[in-house]
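Observations on chain architecture
One letter stands for each residue in the lines below.
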Amino acid sequence: MLKQPVSYSIAETDVVRLIQVTDPHLFADPEAKLLGVSTAASFQAVLDTYLASQYSADIVLATGDISQDYSPQSYQHFSRDIAALNIPCHYLPGNHDDPRLMSLHMQGPHLFGQQRVLAGNWQILMLDSTVRGKPGGYLAEQEFELIDAAIKAEPNKHVLLVMHHNPILVKCSWLDQHCMANGEQFLERMAKYPQVKGLLWGHVHQSIDTEYQGEFGPMQLMATPSTCIQFKPKSSYFALDGLQPGYRLLELASNGSIQTQVHRVAGEKFSPDNDASGY
C-alpha cells in the first residue's frame with residue numbers, strides 16, 4: 001500500500017529549491033577523525049558555508065552514510081546540527097548506516113524518513129539502495145513498485161529519484177565494485193517514465209553531472225561530494241582527493257528542468273591523510 005507523502009505548499013508554478021548533503025560519516029566522539037579529517041568539523045563547515053550564502057532552500061536531502069561508527073550519538077549530532085538550517089530534512093540510509101538506529105535517533109520537528117515528498121510541481125522519491133552487511137547497493141523490487149505506484153498516484157508531477165548508491169560506473173575500479181549492482185536495469189526501467197527527470201545520489205565522494213538518454217528525453221544524473229573526505233576521480237586504486245567538502249544546490253523548475261551547482265568549503269582546512277590505503 002502506498003503511504004501518504006509529506007507535502008509542502010509550494011505553488012506549482014514556483015521553483016523547488018533543494019540542498020543535498022551526503023556522507024558526513026559522523027562519530028559518537030565529535031573530535032574523531034576519518035583519514036585525517038574531523039568529520040564533525042567538516043560537516044559544520046559545510047553547513048556554515050551554506051548559511052553564509054544566504055540561499056533560501058525549501059528542503060534538505062541527506063543521502064546516507066550519516067554515521068561512521070553506527071552509534072546513536074552520531075545520529076543525534078546530525079539531528080542537532082542540521083536543525084540550525086531551520087528547514088525540513090528528508091533522509092535515507094547509506095551502507096554505513098543502521099536504519100533502525102536512524103529511525104530511533106534522527107528525531108526532531110524537521111526530520112523525516114518518509115520516502116515520498118510532494119513539493120510544487122515535483123514528486124521526490126527517497127529510495128533505499130542498501131544491502132544489509134554489504135558496501136555495495138541493489139535496488140529491490142519493492143523500490144521499483146514504490147516508484148511505479150507513486151508515479152501513478154501523481155502522474156502530472158515531475159519526479160526526482162534520490163538514493164545512496166551510484167547506478168552508473170564512475171570509472172574508479174575500486175569504488176565501482178560497490179556500486180548499485182542492478183544500476184543498468186534501474187536506468188533502463190526509469191527511462192520509460194516521462195515523469196522521471198533526474199537521479200541524485202551520494203556514496204562516491206565526488207561530483208558527477210551527466211545524462212542518460214531516456215525514451216522521453218534525457219534524465220540528469222548527479223553525484224555530490226561528501227561533507228568530509230573526497231575520493232579521487234578515475235583512480236584504479238583507493239586514493240583521496242584534496243578538494244574540500246561540499247554540498248549541492250538544486251532548483252527544480254515547474255517545467256521539469258533542473259538547475260544545479262556544487263559548492264565547496266573555501267580554503268584548504270580539511271586535508272586528508274594521503275597515505276591511507278582504505279577505510
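Quick summary incoming for the structure in this document. (Residues numbered from 1 in each chain as written. Predicted model: local features only at pLDDT ≥ 70, side-chain atom pairs only at ≥ 80, totals over all residues. Heavy atoms only, no water.)

**Considering the pattern of salt bridges**
For the structure shown, the criterion picks out six salt bridges. Among the ionic pairs, Arg 17 bridges to Glu 251, the shortest N-O distance being 3.8 Å. Here Glu 251 lies in strand β18 (residues 246-252) and Arg 17 lies in strand β2 (residues 16-21), a separation of 234 residues in the sequence. With its nearest N and O atoms 3.0 Å apart, the salt bridge here joins Glu 141 to Arg 189. Residue Glu 141 is found in helix α4 (residues 141-153), and its partner Arg 189 is found in helix α6 (residues 183-190); the two are separated by 48 residues along the sequence. On the basis of relative accessible area, Glu 141 is assigned to the partly exposed category, the value being 41%. Assessed through its relative accessible area of 28%, Arg 189 is described here as partly exposed. (Salt bridge = Lys/Arg side-chain N within 4 Å of Asp/Glu carboxyl O. Helix = DSSP H or I, 4+ residues; strand = E, 2+ residues; numbered from the N terminus. Buried < 20%, exposed > 50% of the residue type's maximum accessible area, 1.4 Å probe, protein only.)

**Some remarks on the pairing of strand β8 (residues 116-119)**
Regular strands place side chains that alternate from one sheet face to the opposite one. By the alternation rule, side chains of β8 split into Arg 116 and Leu 118 and Val 117 and Ala 119, which are all buried. With three bridges connecting them, strand β1 (residues 6-8) and β8 associate as parallel partners. Each residue of the ladder has a partner; that of Tyr 8, found in β8, is Ala 119. Inspection of the sheet shows β8 paired to strand β9 (residues 122-126) by four bridges, in the antiparallel sense. Considered in β9, the bridge of Leu 118 is made with Gln 123. (Pairing = 2+ DSSP bridges.)

**Examining the packing of helix α1 (residues 39-53) against helix α2 (residues 72-82)**
The contact between α1 and α2 brings their axes to 11 Å, and the two run at 20°. Considered as vectors, α1 and α2 are oriented roughly parallel to each other. Note on packing geometry: the crossing formed by α1 with α2 is right-handed. Side by side, α1 and α2 meet where Phe 43, Gln 44 and Leu 47 of the first sit next to Phe 78, Asp 81 and Ile 82 of the second. For the contact of α1 with α2, a count of residues per class yields four nonpolar, one polar and one charged. (Axes fitted to C-alpha atoms, helices over the stretch in contact; angles between N-to-C directions. Parallel < 35°, antiparallel > 145°, perpendicular 65-115°, else oblique. Left-handed = near helix turned anticlockwise from the far one by under 90°. Contact = heavy atoms within 4.5 Å. Nonpolar A, V, L, I, M, F, W, Y, C, P; charged D, E, K, R; others polar.)

**Thoughts on the sheet that holds strand β7 (residues 111-112)**
Spatial strand order, β7-β6-β5-β2-β18-β19: six strands in an open sheet with mixed pairing. The open sheet terminates on both sides in strands that have one partner only, identified here as β7 and β19 (258-264). Sheet analysis places β2 next to β18, joined by five bridges and oriented antiparallel. Across the sheet, the residue bridging to Leu 18 is Leu 250, located in β18. Helix-sheet contacts for α1 involve β2, β18 and β19, and the interaxial angle to β18 is about 40°.

**Focus: the nonpolar core**
Formed by 67 residues in total, the largest nonpolar core has its most connected members in Phe 78, Ile 82, Ile 147, Leu 161, Phe 186 and Leu 199. In contact with Leu 199, other than residues within four places in its own chain, are Leu 160, Leu 161, Met 163, Pro 167, Phe 186, Leu 187, Met 219, Gln 220, Leu 221 and Met 222. Ranked by size, the runner-up nonpolar core spans 18 residues in total, among them Ile 59, Ile 124, Leu 200 and Met 222. (Core = buried A, V, L, I, M, F, W, Y, C linked by side-chain atoms within 4.5 Å.)

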